[in-house]
Structures are given as structure tokens and as C-alpha cells.
Amino acid sequence: MFFLDFTHFFKSLANVFAKNMKKKLFIGGLLVIFSGLLVVFFAKNILLQAYQNDGFWANLIQIFYPRFLTEKHRFSVDFFVQKIQQIGFRLIFLGIFGSFLVYFSEKIKKKIQPIHISTTQILWLQRYFCVFLLWCVWDWAWILYNLSELSFFYQPVFLLRFFGKENFSFSLLICSYAGLILGIFCVFFNQKPLFFSVIIFINFIFLQGYLYSFHKIDHTFAPVNYVCFLMVFLFWETENMNITPPVLGFAPPLEAGGLYSLLFIQIAVALCYSFAGLEKILIGGTTWFLDAPLQHYLRVAEVPLGVFVAQSYVLCWFLGVFVLLWELFFIWAIFQKKYLYFFLFVGFMFHLGTFFLMNVGGFPHTWVCLYVFFSPQPQRRK
């Protein structure tokens, strides 16, 4: 009952904001652009103050960049000036991109079609998600135990700072891990999947925050976080449409409407690749087009096969540019379905190549495992 009231509150809140939404979002985009310009031109002075002493500005930056107080003793101030200006450029890009989406929202809306699949397909995707997530976290209990013995090195990131350093016991971590495992099994057996998908998401993010509080931030689970979040909306959609996936057997295609959440899962995974390409440009500029940085990375990794490939400058340049363009245009492939499976094949080969050439990422890679969510495709209803 409480959950229904909670949902009703957010629906009412959404209706308030829905009035003149396009205008509000466009203004919001302009404000993001303006904030990015402020960061580019004025944040340098604040950063200089934070670099010279450990006062208010240093502590504020530490909240968003947990390694600042440590790394300012390793790098010059120019390193941090470049980083903060890149944040400004990202905000400017985000504002321009968001404003573009709002301005052409009507045309884009015609391109966004819900995905119509059978209830049996929903169930198997639900089960696959649970098995995949269990594979991702099966060894976390052992890792959490080992890290709890190294509490001296624990520096909480972002919101975990509000809990303090002394409030994290191994018992609390194990309770959170047990909640995550319980949620996975309940969703697998289709027991209150909406409620337990929320439990999964909260504990998955919480435990990652703890793992990343030991000065090692890994992007392995970046798209998995979005999938966990959007699976909540998938179960919310199915409950609102009174869809109950069967335990066994097949079911006819959905008649109540399609699922937007599956499409948004595909978009979220694709954006992870596109933003990775943008990061290369924002950090390296034109280096990937005018030089062959891949050649350097292959030599540093010292994997025999990678060192062999690094002997060819032309091949390294071509592979670097090809992968960069593939990453940038991945989001485009979501709306050009005839090219999507080519992009997925390239993604499979990319992660396979990074594993065998540089021993990076492992295989099967977590990002590749999410390609299963691209199997259902949007279709126009007849």
C-alpha cells in the first residue's frame, strides 16, 4: 500500500513538471551550457586555492574526486587544470546534446518504438539477467572480507562519505551482499520481481561504492549499473500492464503494448560505448587520428601477440581510428537496425582483441554479456 502511494506521489509530481516540459528542458540545457562555460573560465582559480591548501575547496573537490588529496602530491597543478576544464567541456557538450534532443524531440519520438516481445521472452531475459548478475558478484563476499581487513586504506567515495569511516563493519557488508543474493534468487523465480529488483539495484550500487573506496575505480560494471536500474522499470511496466510471465511454456505476444524499458536498456549500453569514444577525443584530442597511440599501449602491455601487432604502425593506426568511430556511432546504430548486428559483432571482436592483445578485460567481458538485451527489436504494431 505504501508503495502504491509512493508511485501516485511521483505520478502527480511528473504531471506538474510535464506542463511546458519542452521549454523547461531547453532552458535547462542552456543552463548546463552556461555552467560548463563557468567551469572552463573560472574554476581554475578555485582549483589553485585547493591545490595550495586543504581548506574548503579541497574538501569539496575531494567529495567528487576522492583521490584529489592524494594525487595532488603526485601531479602538478596543470594536470588538474586540464581535468577540470575537461569537465567544463563535458557539461557544454551535454547541454548542447540535450538541447538538440529537446528541439528535435518530435522527430526523435517517431524513431522510438517500444519493443513487443512475448511474456516467455520476458521471463527468459529476467532469468538471464539474474544468472549474469550472480556471475558478476559470486566472489564479492571474499573480496569484501579481504578489504575489511584493510580498513586503513578505506576512503569513502561520494555519498558514502556521509556514513563515516567507522560505520562500515564486515557484518553490514555481508548483510548487504546477502540482500543482493536474495534479490537475485527472488527475481529469478519471479517472486515480487519489482520489489526485489529495487533491492538488487540499491545493494549493487552500495557495494560497488565500498569496493571503489579503496582508490581503484573500475568501469567494468558501468553499463551493468544502468541495466540494473532499468530492469526496475521493466518490471514496473509489466506490472502496470498486468503481465505475469509464465513459469514454463510459451505465451502469445503482448497485447497491452510494448516495453520501452528494453529499448532504454539498449540505448544505455550503446551510450556507454559512445561516451567512451568521446572520452578519447576529450582527453587525447586529435591524437587518435593523427598518431597511433594503440601501438604504444600494445608495447606497454607486453603481451606477445600484441607486441607482434605493434610492429605495424599502419595497422595500429587503422585499428585505433576504426574502434574510435565504432564507439562514437554505436548509439546511431540503435536507430538504424540494419547495421546494429554489425556493431555488435565488432564489439565482440573488440573485447576479444583487447583480451588477447593486451590481457585487458577478461573474457567473456561483462559488456559483451549485455548484448543479449539487443536481441528483441522494436516493431511497429500493425
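One can find the structure itself at the top, above this paragraph.
Residues numbered from 1 in each chain as written. Predicted model: local features only at pLDDT ≥ 70, side-chain atom pairs only at ≥ 80, totals over all residues. Heavy atoms only, no water.

A. Structural context of the pattern of salt bridges. Counting across every chain of the model gives two salt bridges. Arg-90 serves as the salt-bridge partner of Glu-279, at 2.6 Å between the closest nitrogen and oxygen. Of this pair, Glu-279 sits in helix α12 (residues 260-284) while Arg-90 is found in helix α5 (residues 77-103), placing the two residues 189 residues apart along the sequence. The partly exposed category is assigned to Glu-279, whose relative accessible area is 30%. For Glu-327, the salt bridge goes to Lys-280, with nearest N and O atoms at 3.0 Å. Separated by 47 residues along the polypeptide, Glu-327 in helix α16 (residues 313-328) and Lys-280 in helix α12 bring together distant segments of the chain. (Salt bridge = Lys/Arg side-chain N within 4 Å of Asp/Glu carboxyl O. Helix = DSSP H or I, 4+ residues; strand = E, 2+ residues; numbered from the N terminus. Buried < 20%, exposed > 50% of the residue type's maximum accessible area, 1.4 Å probe, protein only.)

B. Summary view of the nonpolar core. Core analysis: the biggest nonpolar cluster contains 68 residues, and Val-137, Phe-204, Leu-262 and Phe-373 have the highest contact counts within it. Examining the composition of this core, we find that nine residues originate from one element, α12, more than from any other. Discounting chain neighbours no more than four positions away, the residues touching Phe-204 are Leu-133, Val-137, Trp-140, Leu-180, Phe-221, Val-224, Asn-225 and Cys-228. If you look at the next biggest cluster of nonpolar residues, it comprises eleven residues, including Ala-43, Ala-58, Val-77 and Val-81. (Core = buried A, V, L, I, M, F, W, Y, C linked by side-chain atoms within 4.5 Å. Contact = heavy atoms within 4.5 Å.)

C. Region of the structure containing unusual backbone geometry. At Asn-190, a position not held by glycine, the phi torsion is positive, near 60°. The backbone of Lys-192 shows a phi angle near 45°, a positive value even though the residue is not glycine. Note on placement: Lys-192 falls in the loop between α9 (170-188) and α10 (193-211). Lys-192 gets classed as exposed once you look at its relative accessible area, which sits at 61%.

D. Structural context of the layout of surface pockets. The space that makes up the second largest pocket amounts to roughly 830 Å³. Residue lining of the second largest pocket: 20 residues in total, with Phe-97, Leu-101, Ile-108, Ile-331 and Phe-335 positioned closest to the centre. Looking at the lining of the second largest pocket element by element, the count peaks at seven residues for α12. (1 Å grid on protein atoms, 1.4 Å probe; cavity = no way out; pocket = protein on both sides within 12 Å on 5 of 7 lines; lining within 4 Å. Points joined across faces, edges and corners; volume = space filled by probe spheres on them.)

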